[in-house]
Number of protein chains: 2
Amino acid sequence: MEMAHAALTAILDCIDEGVVACDLDGNITFINRAMCRIHGVTEAKLRPEEWAKHFDLFGPDGKTPLDMTEIPLYRALHGVDVTNQEVVVKPKGGKPVNLLISGRQLIDRDGARIGAVISAHDITATKKNDEQLHQSQKFDSIGTMAGGVAHDFNNILTVIMGACTLLKIKTKSDPELEPFVRQIMNSSERAAQLTQNLLVFGRRQNLRLLPAEINEIMLAMNEILGQIVGKNVQLVTITCPVPLPVVIDREQFEQAIMYLATNASDAMPSGGELLIEVTMADSGELVLGLDRRPNVSYARIAVTDTGAGMDMVTMSRIFEPFYLKTENGRGAGLGLSMAYGIIRQHEGVITVNSEPGKGSTFSIYLPIRTTSPHEINNG
Amino acid sequence: MEMAHAALTAILDCIDEGVVACDLDGNITFINRAMCRIHGVTEAKLRPEEWAKHFDLFGPDGKTPLDMTEIPLYRALHGVDVTNQEVVVKPKGGKPVNLLISGRQLIDRDGARIGAVISAHDITATKKNDEQLHQSQKFDSIGTMAGGVAHDFNNILTVIMGACTLLKIKTKSDPELEPFVRQIMNSSERAAQLTQNLLVFGRRQNLRLLPAEINEIMLAMNEILGQIVGKNVQLVTITCPVPLPVVIDREQFEQAIMYLATNASDAMPSGGELLIEVTMADSGELVLGLDRRPNVSYARIAVTDTGAGMDMVTMSRIFEPFYLKTENGRGAGLGLSMAYGIIRQHEGVITVNSEPGKGSTFSIYLPIRTTSPHEINNG
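Here the residue numbering is sequential within each chain, running from 1 through the sequence in written order. Chain labels run from A onward and ligand labels from 1 onward, assigned in the order the entries are written. Whole-chain, interface and lining totals are the exception, using all residues; otherwise, since this is a predicted model, local features are given only for residues with pLDDT of at least 70 and side-chain atom pairs are given and counted only at 80 or more. Note that water and hydrogens are dropped before the side-chain values are worked out from all heavy atoms of the structure.

Student: Help me understand the overall build of chain A, please; the structure alone is not making it clear to me.
Tutor: In DSSP terms, a helix is any run of H or I states spanning at least four residues, a strand is any run of E spanning at least two, and both are numbered starting from the N terminus. A tally of helices and strands in chain A yields 11 helices and 13 strands. Per-residue accessibility, obtained with a 1.4 Å probe over protein chains only, is compared with the maximum for each type, and a residue is labelled buried under 20%, exposed over 50%, and partly exposed between these values. Here chain A, with 379 residues, has 51% of them falling under the buried criterion. Counted over contacts in chain A with a minimum sequence separation of 6, partners at least 24 positions apart contribute 65%. Contacts: residue pairs with any heavy atoms within 4.5 Å of one another.

Student: How do you make sense of the sheet that holds strand β6 (residues 113-122) of chain A when you look at a structure like this?
Tutor: Think of it this way: DSSP has to see at least two bridges between two strands before they count as a pair. As summarised here, the arrangement of the six strands in space is β2-β1-β6-β5-β4-β3 (chain A), forming an open sheet in which the pairing is antiparallel. Strand pairing shows two members of the sheet lacking a second neighbour, β2 (28-31) and β3 (55-58) of chain A, which therefore form its edges. Strand-to-strand twist across the sheet, computed as the mean angle between neighbouring axes with direction ignored, equals 30°. Together, β1 (18-23), β2, β5 (97-107) and β6 of chain A form the strand contacts of helix α1 (residues 5-14) of chain B, whose direction differs from that of β5(A) by roughly 120°. Here the axes come from fitting lines to C-alpha atoms, over the contacting stretch only for helices, and the angles between their N-to-C directions go from 0 to 180 degrees.

Student: Can you walk me through the packing of aromatic side chains in this structure?
Tutor: Working definition: an aromatic ring pair is given by the centre-to-centre distance plus the angle between the planes. For Phe, Tyr and Trp, where Trp contributes only its six-membered ring, two rings pair if their centres lie within 6.5 Å, and the inter-plane angle classes them as stacked under 30 degrees, edge-to-face over 60, or tilted in between. Going through the model one piece at a time under the given rule, you end up with 11 aromatic pairs over all chains. Where Phe139(A) meets Tyr340(A), the ring centres are 4.2 Å apart and the plane angle is 25°; that geometry is what we call stacked. Taken together, the residues span a long stretch of sequence, with Phe139(A) in helix α4 (residues 124-171) and Tyr340(A) in helix α11 (residues 335-345) at a distance of 201 residues. Classification of Phe139(A) by relative accessible area gives buried; the value is 3%. Centroid distance Phe319(B) to Tyr340(B): 5.6 Å. Interplanar angle 35°. Geometry classified as tilted. Linking Phe319(B) in the loop between α9 (312-317) and α10 (323-328) with Tyr340(B) in helix α11 (residues 335-345), this pair joins segments that are 21 residues apart in sequence. On the basis of relative accessible area, Phe319(B) is assigned to the buried category, the value being 6%. Taking relative accessible area as the criterion, Tyr340(B) reaches 8% and is therefore assigned buried. Ring pairs connect the aromatic residues Phe139(A), Phe201(A), Phe319(A), Tyr340(A) and Phe362(A), which therefore count as one cluster. Across from the ring centre of Phe58(A), 4.8 Å away, lies the NZ or CZ of Lys90(A), which sits over that ring. A ring is scored as having a charge over it whenever the NZ atom of a lysine or the CZ atom of an arginine sits within 6 Å of its centre and within 35 degrees of its normal.

Student: Would you take a moment to explain the pattern of salt bridges for this structure?
Tutor: Side-chain pairs of opposite charge can arise whenever the charged atoms involved come near each other. What counts as a salt bridge is simple: a side-chain nitrogen of Lys or Arg found within 4 Å of a carboxyl oxygen of Asp or Glu. Throughout the structure, instances matching the rule amount to 29 salt bridges over all chains. Between Arg104(A) and Asp16(B) there is a salt bridge, and its shortest N-O distance comes to 3.0 Å. On the criterion of chain membership, the pair formed by Arg104(A) in strand β5 and Asp16(B) in the loop between α1 and β1 (18-22) is interchain, its members lying in two chains. Salt-bridge contacts for Arg250(B) lead to Glu216(B); the nearest nitrogen and oxygen are separated by 3.4 Å. Residue Arg250(B) is located in helix α8 (residues 250-267), and its partner Glu216(B) is located in helix α6 (residues 214-220); the two are separated by 34 residues in the primary sequence. The class for Glu216(B) is partly exposed, based on a relative accessible area of 39%. Sharing partners across several salt bridges, the network here consists of Asp81(A), Arg104(A), Asp16(B) and Arg37(B).

Student: Could you clarify how one ought to interpret the side chain of Thr314(B) in this entry?
Tutor: All names here are of chain B. Here Thr314 lies in helix α9. Residue class for Thr314 comes out buried when judged on its relative accessible area of 11%. For the purposes of these results, a polar contact is taken to be a pair of N or O atoms within 3.5 Å, where, inside protein, one atom must be able to donate a hydrogen and its partner to accept one; residues adjacent in sequence count only when each atom of the pair is a side-chain atom. Polar contacts involving the side chain of Thr314 include one to the side chain of Asp311, which spans 2.8 Å.

Student: Would you explain the interface of chain B and chain A in this entry?
Tutor: By a widely used convention, the size of an interface equals the accessible area lost when the partners come together. Contacts between the two partners involve 81 residues from chain B and, on the opposite side, 81 residues from chain A. Summed over both sides, the interface of chain B with chain A buries roughly 7300 Å², with 74% coming from carbon and sulfur. Across the contact surface, chain B and chain A share four salt bridges. Here Glu176(B) ties to Lys170(A) by a salt bridge, and the two come within 3.3 Å at their closest N and O atoms. Applying the counting rule to chain B against chain A returns 13 residue pairs in polar contact (both at pLDDT 80 or more). Broken down by element, the residue count for the side of chain B that touches chain A peaks at 23 residues, all from helix α4 (residues 124-171) of chain B. Amino acids are sorted into nonpolar (Ala, Val, Leu, Ile, Met, Phe, Trp, Tyr, Cys and Pro), charged (Asp, Glu, Lys and Arg) and polar (every other residue, Gly among them). Classifying every residue of the side of chain B that touches chain A by side-chain character gives 41 nonpolar, 21 polar and 19 charged. Two parts lose some accessible area (1.4 Å probe) when they are put together, and adding that loss for both gives the buried area.

Student: Quick question: what am I supposed to make of α11(A) here?
Tutor: Spacing of three or four residues puts side chains on the same side of an α-helix, whose turn is 3.6 residues. Residue and element names in this part refer to chain A. Taking burial as the measure, the 11 residues of α11 include 11 buried ones, the bulk of the element. Taken together, the buried positions of α11 are Gly335, Leu336, Ser337, Met338, Ala339, Tyr340, Gly341, Ile342, Ile343, Arg344 and Gln345. Looking at the residues trailing α11, positive phi occurs at Glu347, about 60°.

Student: Can you help me understand the pairing of β1(A) in this one?
Tutor: In the case of a regular strand, side chains alternate between the two sheet surfaces. Residues and elements named next belong to chain A. The buried fraction of β1 is high, at five of six residues. Where β1 and β6 come together, six bridges link them in antiparallel fashion. Note on β6: the bridge partner recorded for Cys22 is Ala116. Counting the residues that bridge the hairpin from β1 to β2 gives four residues, and of these Gly26 lies at a positive phi of roughly 90°.

Student: Help me understand the relation of the copies chain B and chain A in this model?
Tutor: A rotation about some axis, followed by a shift along it, carries one copy of the chain onto the other. When the copies are superposed, the least-squares fit draws on C-alpha atoms of residues that have pLDDT of at least 70 in both. Rotating chain B by 180° and translating it 0.0 Å along the rotation axis places it on chain A, where the RMSD comes to 0.1 Å. Taken together, these values place the two copies in the relation of a two-fold axis. A symmetric contact is evident, with 100% of the interface residues of chain B recurring at the interface of chain A.

Student: I tried to follow the packing of α4(A) against helix α5 (residues 178-201) of chain A on my own but got confused; where do I start?
Tutor: Axes are the key here: two packed helices are described by the angle between their axes and the distance separating the axes. Residue and element names in this part refer to chain A. Contact geometry for α4 and α5: axes closest at 8 Å, N-to-C directions at 155°. By the criterion of interaxial angle, the relationship of α4 to α5 is roughly antiparallel. In this structure, α4 meets α5 at a crossing whose hand is left-handed. Oblique is the label for any angle not under 35 degrees, not over 145, and not in the 65 to 115 range, which are roughly parallel, roughly antiparallel and roughly perpendicular in turn. By the definition used in this description, the sense in which the near helix is turned from the far one sets the handedness, with an anticlockwise turn below a right angle giving left-handed and a clockwise turn giving right-handed.

Student: Help me out: how do you make sense of the pairing of strand β2 (residues 28-31) of chain B in this one?
Tutor: All names here are of chain B. Pairing of β1 with β2 involves three bridges; the strand directions are antiparallel. Of the residues in β2, the one forming a bridge with Val20 is Ile31. Linkage of β1 to β2, two consecutive antiparallel strands, is achieved through a turn of five residues, within which Gly26 is found at a positive phi near 85°.

Student: Would you mind going over a negative patch on the surface with me for this structure?
Tutor: A patch is a set of surface residues, each over 30% in relative accessible area and not in a salt bridge, joined within 9 Å for like charges and within 5 Å for the nonpolar side chains Val, Leu, Ile, Met, Phe, Trp and Tyr. Computed by Shrake-Rupley with a 1.4 Å probe, the accessible areas treat only the displayed protein chains as cover when residues are assessed. Asp and Glu count as negative and Lys and Arg as positive, but His and the ends of the chain are not part of the count. By convention, the point assigned to a charge is CZ for Arg, NZ for Lys, CD for Glu and CG for Asp. A cluster of acidic residues, Asp130(A), Glu131(A), Asp130(B) and Glu131(B), forms a negative patch on the protein surface. For the negative patch, the secondary-structure elements that each account for two or more residues are α4 of chain A together with α4 of chain B. Accessibility expressed as a relative area gives 34% for Asp130(B), which makes it partly exposed.

And the structure:
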């Protein structure tokens, strides 16, 4: 199928995939419009020899710079069939873009090698969406399990505590038996608390939702938070200049904040600063992703510590029940998981942002509203 | 940057992305080599007017045919900016391909609309890999939680059962107290069984690995499996003509098979057939995905029932602890989750394949080997 030159040019310029070609010496000979857009360069100022000055290339982590020999076009030119190599492009002064790049040798109709060509597929948006979807599915599954475990153990504990109560009545006068009965009762109560915590994570509580104002709540919590973090940690609270009405179960919400403060305090054993900031969420904060509803604004409560921070893997799993406890042996229990469950049940979002050595920021996002949506109790 | 006609043709033919263009009347004017490959047509026999006869187009589920107005090229021609629309292409007689398609109007240098163009990115392989990775991460998380819950409850149960044992000794002669003590002990034992099941799912058992042969094991299990499925279900076992040596904890493995048989039996309350087939796994069985090791062959034990079958969502969650119990109210307990944990701890894979109304096949894949890899105990 023979096409006019103008039509081929139009095709390459109109497609959404970025395309770059080079000659046998590696000189760029062609860049289409999409690739210019992806790399943050306008066609007007683009000269092939300056092309590569406009951006930096990194591996999938967005941090490790690519060696020359890892650059897809270089690899393709050297005979490698590159298929879906993940690369992060950071245009100078622009936002990073995640690309899947495939590359091939450029062969003309007569079978002669004339250079190499790569095509780039922008996965920035899909990657974020997929990750959020999978995070959310994962927590649904863990929540289902938490609810199931709690339900089964609760049934058993009800029997044990019932029998134990009767034993207690019947043996009260017997100093030889009483300690054992008390031990059973205390242990059962600890187990019941554990199942209760699992239910909080699994979002199976009954919320008592009432209108409240976030700044007011956070100021009122100053004293208790000060007690939680202790003398070595300086507590700084910055409220928002505008009122932020929300509809929440105040007791539960305060509990979630206390879990975050406890976690922050644990992360700073030799002292530091705990910063609590209340703001209107930036409309550009992509992090809300899946849960963002159109026309809903969010209040943000950011809890920042100056502790040890954490790596990507820990961040992606920190809200999972028992993750900290079993993986790090830090014994943090279910606090963060319960905070997660409470905020999610409020139709809010909780996120963490951290780097090793740079402290951590936990952010709670709650929908701003003055009346209770009728469906929230079933959430 | 002006390029020769031949070079532009080479670029479009060498890139890995599929490209198709049409004129303003919707007639196909250009198809590049990658798009031909994706759609299972060779360039030689391709005439534009016959293009669409060679394949069928479906939505992301791979089943719902696309209406004309949902076809990306059609949408692009009618002015829609199509971005990453997921489409499944089934070439006649070929395997389905998952594509992300973007489409735009085709505009020439002078700004005149001359048709439409789409580019297609093949995500068949990455989609499968991503799904397997996320399934595996999800199960890791649920396993971590199962282990954590079991550990905490075990500690509590140890105290309760210890105190209860002493109470039992001291109150044996007292008929008024004995029933309550017995009730506490029985309930504690049920709770201990539950934590034990969670540990099996969480792969925290000690395996006693010994060489065994799958055909022999399955034949030896015929009687017990017959008892499990009962009189209304016909049990058919087909062994493999070649011996399939594996290294397993026989008791645990048999347990896993019994869980599958119990599940199959539950799915056929009014009778049916339970087919057990032992084969060498097809080297093309992609399903092993992430866990497949190079140079390792697998034995496959397929357990097929003629029961109600299940939909995609249930399939993707069926091995999760408490999923069946809480979501379907079928009370299937932890059997399938334990089977999953046991097989995974053997470095095997367990999968399910089903459709509503068409029964289900659970397949266990175990690495064929004669000696125990030293690291398996820590798996």
